[in-house]
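Residue-level listing of the chains:
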Amino acid sequence: MKKLSKLKVIALALFAIAFVSCDNSDDPTPMPVDKTITGLAVKNSNLKILVQALTRAELAATLQGSGPFTVFAPTDAAFTAFLKTTPYATINDVPKDVLTQILLNHVVSATAKSGDLKTGYIKTLAKGSASTSNTLSMYVDVTAGVKLNGVSNVTTADVVASNGVIHVVDAVIGLPTIVTHALANKNFTSLVGALTGAGQPDFVGTLSGTGPFTVFAPTNAAFTALNTELAPGGIAGVSAANLTKVLQYHVVSPGNVLAATLTEGQMVTPILTPAQKFTIQLTGGAKIKDASNRISNIIITDVQCANGVIHAIDKVLLPAL
């Protein structure tokens, strides 16, 4: 009997130990999986430099927030190529304030899947060097894939996160200048051709500078209409010197003049020398009356660049030549 009792005691003890062990979690509760934009980036072996950059710029926690965000995420190869165009050897060498704005230029405050993207402008979270509340614009071109600011292509779309979406891109999207946006938008090819034409000053160098500039940019259709207006010689009949005056008549500096600050009857003085003004008219929509009393409609406003702002117009402005 004593032997049987001892066996019962041992059996009960072993049962108690087993019960306590199970109660102390042999199978611990798994840690929650981070499915935020930052969490998914950390898990992607091609986005290591991006994660490093986000951490250094103190944006990793931001992109773990509620969002929603859309992030155009450059690959490691994209960052490596970008660094070769700078004086910096590694991402840690880029000044933190500069790095922060470059990264924010890849972030949109909304969920924009590939099917939501349309050709046109969207706003990033970057301010660049422009002292304005109008954040930098990004030009999206979906005519053949998805191209951003004319420099970066989406290679992997719609990586869905709990707080938004990631699109992997093949190039770092630098802070856009006036020239960047003029080149990116195919509706400005005639303007770019005129600015870079024979006998013209270095408009590209000037409009890539610090500025700030305000450019009233005629579309391709505006140049086509001008060609008809100037028949029979057309634009080709305009001397290089007069074309320079016409182009200068579209540029205001210094200034980052947003549409909301334009007023009825406002007289604007471009960089043309000797000075000639044009007049803002707001009744029935924003318009410009040039020195020749011709009316141009402002059809796109506030395309924000790091060195100024662009407003698209539907007619070429003509000074008195």
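Here, the structure is the one placed above.
Source: prediction; values computed, not measured.

It is worth spelling out the overall build of the chain at this point. Looking only at helices and strands, one finds 10 helices and 14 strands in the chain. Expressed as a percentage of its 321 residues, the buried residues of the chain come to 44%. Restricting the contact set of the chain to residue pairs at least 6 apart, pairs at least 24 apart contribute 63%. Within the structure as shown, the chain displays about 16,000 Å² of accessible surface, and the carbon and sulfur contribution to it stands at 61%.

For the structure shown, the criterion picks out 2 cavities of 30 Å³ or more. Looking at the largest cavity, the residues that line it are Ile178, Ala182, Leu191, Leu195, Leu207, Val215, Ala217, Pro218, Leu247, His250, Val251 and Ile310. Within the residue set of the lining of the largest cavity, elements represented by two or more residues are helix 6 (178–184), helix 7 (189–195) and strand 8 (213–218). Here the lining of the largest cavity gets 3 residues from one element, more than from any other, and that element is strand 8. In the lining of the largest cavity, the residues fall into 11 nonpolar, 1 polar and no charged. Space inside the second largest cavity adds up to approximately 50 Å³. Lining the second largest cavity we find Leu50, Leu54, Leu59, Leu63, Val71, Phe72, Leu103, His106 and Val107.

Let's shift gears to helix 9 (residues 220–229). Every buried residue of helix 9 is accounted for by Asn220, Ala222, Phe223 and Leu226. The arc that holds every buried residue of helix 9, seen down its axis, measures 160°, which confines them to one face. Within helix 9, the exposed residues directed more than 90 degrees away from the buried face are Ala221, Thr224 and Thr228. For helix 9, the secondary structure elements touched by its buried residues are helix 7, strand 8 and strand 14 (308–313).

Next up on the list: the packing of aromatic side chains. Pairs of aromatic rings are described using the distance from one ring centre to the other and the angle between the two planes. Applying the stated criterion across every chain yields a total of 3 aromatic pairs. An angle of 85° between the planes, with centres 5.4 Å apart, marks the rings of Phe216 and Phe278 as edge-to-face. With Phe216 in strand 8 and Phe278 in strand 11 (residues 278–281), this pair connects stretches of sequence that are 62 residues apart. Residue Phe216 is classed as buried on the basis of its relative accessible area, which comes to 2%.

This part takes up the packing of helix 3 (residues 48–56) against helix 5 (residues 96–104). When two helices pack together, their arrangement is captured by the angle between the axes and the distance separating the axes. Look at helix 3 against helix 5: their axes get within 9 Å of each other, and the N-to-C directions meet at 120°. Judged by the inter-axis angle, helix 3 sits oblique to helix 5. The handedness of the crossing between helix 3 and helix 5 is left-handed. Taken together, the residues of helix 5 that come into contact with helix 3 (itself represented by Leu50, Ala53, Leu54 and Arg56) are Lys96, Leu99 and Leu103. Of the residues in the contact of helix 3 with helix 5, the class split is 5 nonpolar, no polar and 2 charged.

Among the secondary structure elements, Asp302 is positioned in strand 13 (residues 295–305). It is Lys123 that comes nearest to the buried, bridge-free Asp302 among opposite-charge side chains, at 6.5 Å. Not counting the four nearest positions on each side in its chain, Asp302 is found in contact with Lys123, Asn134, Ser137, Leu258, Ala259, Val309, Ile310 and His311.

With that settled, the discussion passes to the sheet that holds strand 12 (residues 287–289). The mixed open sheet is built from 7 strands, whose spatial order is 9-8-14-13-12-11-10. Looking at which strands have only one partner, the edges of the open sheet turn out to be strand 9 (251–252) and strand 10 (267–268). Where strand 8 lies against strand 9, 2 bridges are found, and the strand directions are antiparallel. Its bridge partner lying in strand 9, Val215 is registered against Val251.

As a further point, take the sheet that holds strand 4 (residues 137–141). In space, the 7 strands of this open sheet follow the order 2-1-7-6-5-4-3, with mixed pairing throughout. Looking at strand neighbours, the two that pair on one side only are strand 2 (107–108) and strand 3 (120–123), the edges of this open sheet. For strand 6 (residues 152–161) and strand 7 (residues 164–169), the ladder comprises 5 bridges, and the chain directions are antiparallel. Looking at the pairing, Val160 lines up with Val165 of strand 7.

Definitions and limits used
Residues numbered from 1 in each chain as written. Predicted model: local features only at pLDDT ≥ 70, side-chain atom pairs only at ≥ 80, totals over all residues. Heavy atoms only, no water. Helix = DSSP H or I, 4+ residues; strand = E, 2+ residues; numbered from the N terminus. Buried < 20%, exposed > 50% of the residue type's maximum accessible area, 1.4 Å probe, protein only. Contact = heavy atoms within 4.5 Å. Areas by Shrake-Rupley, 256 points an atom, 1.4 Å probe, with all protein chains shown as cover. 1 Å grid on protein atoms, 1.4 Å probe; cavity = no way out; pocket = protein on both sides within 12 Å on 5 of 7 lines; lining within 4 Å. Points joined across faces, edges and corners; volume = space filled by probe spheres on them. Nonpolar A, V, L, I, M, F, W, Y, C, P; charged D, E, K, R; others polar. Arc of directions from axis to C-beta. Phe/Tyr/Trp six-rings, centres within 6.5 Å; stacked < 30°, edge-to-face > 60°. Axes fitted to C-alpha atoms, helices over the stretch in contact; angles between N-to-C directions. Parallel < 35°, antiparallel > 145°, perpendicular 65-115°, else oblique. Left-handed = near helix turned anticlockwise from the far one by under 90°. Lys, Arg positive; Asp, Glu negative; His and termini not counted. Salt bridge = Lys/Arg side-chain N within 4 Å of Asp/Glu carboxyl O. Pairing = 2+ DSSP bridges.

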